[in-house]
Amino acid sequence: MNTSSQPFQQSYCFLSCDWGTSSFRLRLMDARSNKVICETKKDIGVKSVFLQSRSSDQGSRDTFFESFLDAQCNQLLDEAGFSDDTITMMLSGMTTSSIGWVEVPYARVPFPLNGAQSVILGREIKSTTGRRIQCQLISGIQTGTEMMRGEETELMGVFSLEKYRGLLSECVAIVPGTHSKHVLIAGGEIVSIETFMTGELLDLLGRHSILHATADLKTVFDQKFKMITESQNDAFKSGVATVSQSGLLGNLFQARTRGVLQNASNTDTIWFLMGLLIGEEWCQLIKRRASNLPILVAAGSRFGELYSKAAEILGVEQRVSRVLAEDMDLASSLGHRLLLPSHANLPV
């Protein structure tokens, strides 16, 4: 748990919760300064709490989710020295999914990035400490064939910052992750979504396929998604260049033959595989979108450098802007601030 030493005024505070399938982050935010006062992160996603509720006879799904959130909120607030008896908490991500706290219908595109059409469900947790935690559960958005939860809130946060607003008129935003999203924006609205299962494919191929023997996925995580040797950089470049010339499926097996026939190291070959997957994602975007359409890579430091490097290899870097890592880290909380309800009596 990280706590700022800066003083804060309790009446301007709110809680910002970004809760995914396998991870949880909770922040106490100052709505005036957009500063994080205190935060906690845990590898406890909604899926874990949902499965606990299904396998137990000790309470309902509501009870399990409320108890978990109650405990996390009180621990954070006590740590920060917050003593008011009421606070607003904004929640996005998978909390409104079928495995979350409460399933909430998606908003539909076109979806304005000022949040005007967000679907939000209010709930209240009456804490065991006597606090009232007024929860605002933010749903995701859908098209006829696509959906996302959480990324739209991050993009609302990104475009709330002046430095990125010039792209609101027209761009495609890439939000990398387990399921990378390509979000087409026009006239300040999200108008379409495409999903690329880049991160999940990397995990499946690196852990559960024959490529596991010659491509060391652990290296990527140990190095925090950063290439640290010239040979790793060369392998990544080779992957991007190869997929741009002859596609993905016919080249995946090279992540095995490079090790068996060319004596490439496992710690290099994983970066070749990464280049293939990220390169394929870029190639599809280049093929499907107009050649003059600006591209915004909305990623933190983990993926931002890799996606930018792939753009350079493919010669499209002049079209690409990148969200600063520190801005991306705050994106969901900035989106939460934008959606604060009027009854929270905070500056919005």
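All values derive from a computational prediction rather than experimental measurement.

## Examining the nonpolar core
Then, in step 1: In terms of nonpolar packing, the biggest core is built from 40 residues, with F236, W271, L273, M274 and W282 touching the most fellow members.
Then, in step 2: Among the secondary structure elements, those contributing two or more residues to this core are β12 (170-175), α4 (198-208), α5 (217-222), α6 (230-246), α8 (266-288), β15 (295-297) and α9 (301-313).
Then, in step 3: The dominant element in this core, judged by the number of residues it contributes, is α8, at 11 residues.
Then, in step 4: By size, the runner-up hydrophobic cluster in this structure holds 33 residues, among which are A107, F159, A173 and L296.

## Structural notes on the side chain of E154
Then, in step 1: By secondary structure assignment, the location of E154 is in helix α3 (residues 151-159).
Then, in step 2: Although E154 is buried, it makes no salt bridge; R25 carries the closest opposite charge, 5.9 Å away.
Then, in step 3: Contact partners of E154, with chain neighbours within four places excluded, come to V175, M328, A331 and S332.

## Details of the confidence of the model for the protein chain
Then, in step 1: Mean pLDDT for the protein chain: 92, with 96% of residues reaching 70 or above.
Then, in step 2: The secondary structure element of the protein chain with the lowest average pLDDT is strand β1 (residues 2-3), at 58, and the one with the highest is strand β7 (residues 111-112), at 98.

## Considering helix α2 (residues 61-80)
Then, in step 1: The end-to-end C-alpha separation of α2 is 29 Å, in line with the 28 Å expected for 20 residues at 1.5 Å each.
Then, in step 2: For α2, every residue scored as buried is listed here: F64, F65, F68, L69, D70, Q72, C73, N74, L76, L77 and A80.
Then, in step 3: Downstream of α2 by a residue or two, G81 has a phi angle that is positive, lying close to 80°.

## Observations regarding the sheet that holds strand β10 (residues 141-142)
Then, in step 1: With respect to topology, 3 strands assemble into an open sheet ordered β6-β10-β11, the strand pairing being mixed. Taken across any chain shown, the strands that pair with only one partner, and hence form the sheet edges, are β6 (107-108) and β11 (147-148).

## A short note on the environment of D43
Then, in step 1: Position of D43 among the secondary structure elements: in the loop between β4 (35-42) and α1 (46-55).
Then, in step 2: Discounting residues that sit within four places of it in the chain, D43 has contacts with S22 and S23.

## A word on the side chain of R149
Then, in step 1: Among the secondary structure elements, R149 is positioned in the loop between β11 and α3.
Then, in step 2: Salt bridges are absent for the buried R149, whose nearest opposite-charge side chain, E103, sits at 5.1 Å.
Then, in step 3: Here T96 takes part through its side chain, which lies 2.7 Å from a polar atom of the side chain of R149.
Then, in step 4: There is a polar contact of 3.4 Å between the side chain of R149 and the backbone oxygen of V104.
Then, in step 5: Leaving out residues up to four positions away in the same chain, R149 has contacts with G93, M94, T96, S97, V104, Y106, S139 and G140.

## A look at the pairing of strand β8 (residues 120-126)
Then, in step 1: Two elements, β8 and strand β9 (residues 132-138), share 7 bridges in a ladder whose sense is antiparallel. Bridged to I125 within β9 is I133.
Then, in step 2: Hairpin geometry of β8 and β9 is characterised by an intervening segment of 5 residues between the two adjacent antiparallel strands and by a positive phi of about 100° at G130.

## Section: the sheet that holds strand β14 (residues 189-196)
Note on sheets: strands pair through backbone hydrogen bonds, and any given pair is parallel or antiparallel.
Then, in step 1: What the 6 strands build is an open sheet, ordered β7-β14-β13-β12-β15-β16; its pairing is mixed. Looking along the sheet, the strands with just one partner apiece sit at the ends: β7 and β16 (320-322).
Then, in step 2: As paired strands, strand β13 (residues 180-186) and β14 are joined by 7 bridges and run antiparallel to one another. Across the sheet, V183 pairs through a bridge with I193, a residue of β14.
Then, in step 3: Running at roughly 125° to β12, α3 makes contact with β7, β12, β13, β14 and β15 of the sheet.
Then, in step 4: Seen against the sheet, α9 touches β12, β13, β15 and β16 and runs at an angle of roughly 165° to β16.

## Some points on the environment of A299
Then, in step 1: Structurally, A299 can be placed in the loop between β15 and α9.
Then, in step 2: With relative accessibility at 3%, the residue A299 sits in the buried group.
Then, in step 3: Each C-alpha atom, one on A299 and one on I190, is 18 Å from the other, the two residues being 109 residues apart in sequence.
Then, in step 4: Not counting the four nearest positions on each side in its chain, A299 is found in contact with P176, G304, V323 and M328.

## Focus: the environment of T267
Then, in step 1: Mapped onto the secondary structure, T267 falls in helix α8.
Then, in step 2: Residue classification places T267 among the partly exposed residues on the basis of a relative accessible area of 31%.

## Notes on a nonpolar patch on the surface
Then, in step 1: A cluster of nonpolar side chains, namely M197, L201 and L204, defines an oily patch on the protein surface of about 250 Å² accessible area.
Then, in step 2: Structurally, L204 can be placed in helix α4.
Then, in step 3: By relative accessible area, L204 is classed as partly exposed at 39%.

## A word on the state of the cysteines
Then, in step 1: By the definition in use, this model includes 0 disulfides.
Then, in step 2: Among the cysteines around C17, which has no disulfide bond, C73 carries the closest sulfur, lying 7.1 Å off.

## Notes on the pairing of strand β5 (residues 86-93)
Then, in step 1: Burial analysis of β5 places 7 of its 8 residues in the buried class, which makes it a mostly covered element.
Then, in step 2: Judged from the 5 bridges that link them, strand β2 (residues 13-19) and β5 form a sheet pairing that is parallel. Considered in β5, the bridge of W19 is made with G93.
Then, in step 3: Across 6 bridges, β5 lies against β9 in parallel orientation. The partner of T86 across the bridge, within β9, is R132.

So, how was this worked out
- Along every chain, residues carry numbers that run from 1 in the direction the sequence is written.
- For this predicted model, a pLDDT threshold of at least 70 governs which residues receive local features, and a threshold of 80 or more governs which side-chain atom pairs are given and counted, while totals over whole chains, interfaces and linings are taken from all residues.
- Side-chain figures throughout are based on the complete set of non-hydrogen atoms in the structure, without hydrogens or water.
- To qualify as a nonpolar core, a set must consist of buried Ala, Val, Leu, Ile, Met, Phe, Trp, Tyr and Cys residues joined through side-chain atoms within 4.5 Å.
- Exposure categories follow from relative accessible area, calculated using a 1.4 Å probe and restricted to protein chains: below 20% of the type maximum is buried, above 50% is exposed, and the middle band is partly exposed.
- Secondary structure elements are defined from DSSP: runs of H or I of at least 4 residues count as helices, runs of E of at least 2 residues count as strands, and each element is numbered from the N terminus.
- Charge counting treats Lys and Arg as positive and Asp and Glu as negative, with His and both chain ends excluded.
- Throughout this description, the term salt bridge denotes a Lys or Arg side-chain nitrogen within 4 Å of a carboxyl oxygen of Asp or Glu.
- Every residue pair with non-hydrogen atoms within 4.5 Å of one another is taken to be in contact.
- pLDDT is defined as a per-residue confidence score from the predictor, taking values between 0 and 100.
- Expected helix span is computed as 1.5 Å times (number of residues minus one).
- Note on pairing: DSSP must find at least two bridges between two strands before they are called paired.
- Side-chain atoms alone can form a polar contact between residues adjacent in sequence; in general such a contact is a pair of N or O atoms within 3.5 Å, and within protein one must be able to donate a hydrogen while the other accepts it.
- Only the contacting stretch of a helix is used when fitting its axis, a line to C-alpha atoms as for every element, and angles between N-to-C directions run 0 to 180 degrees.
- Residues with no salt bridge and a relative accessible area higher than 30% make up the patches, which join like charges within 9 Å and nonpolar side chains (Val, Leu, Ile, Met, Phe, Trp, Tyr) within 5 Å.
- To be clear on the numbers: accessible area is Shrake-Rupley with a 1.4 Å probe, and residue cover counts the displayed protein chains and nothing else.
- Counting rule for disulfides: a pair of cysteine sulfur atoms within 2.5 Å.

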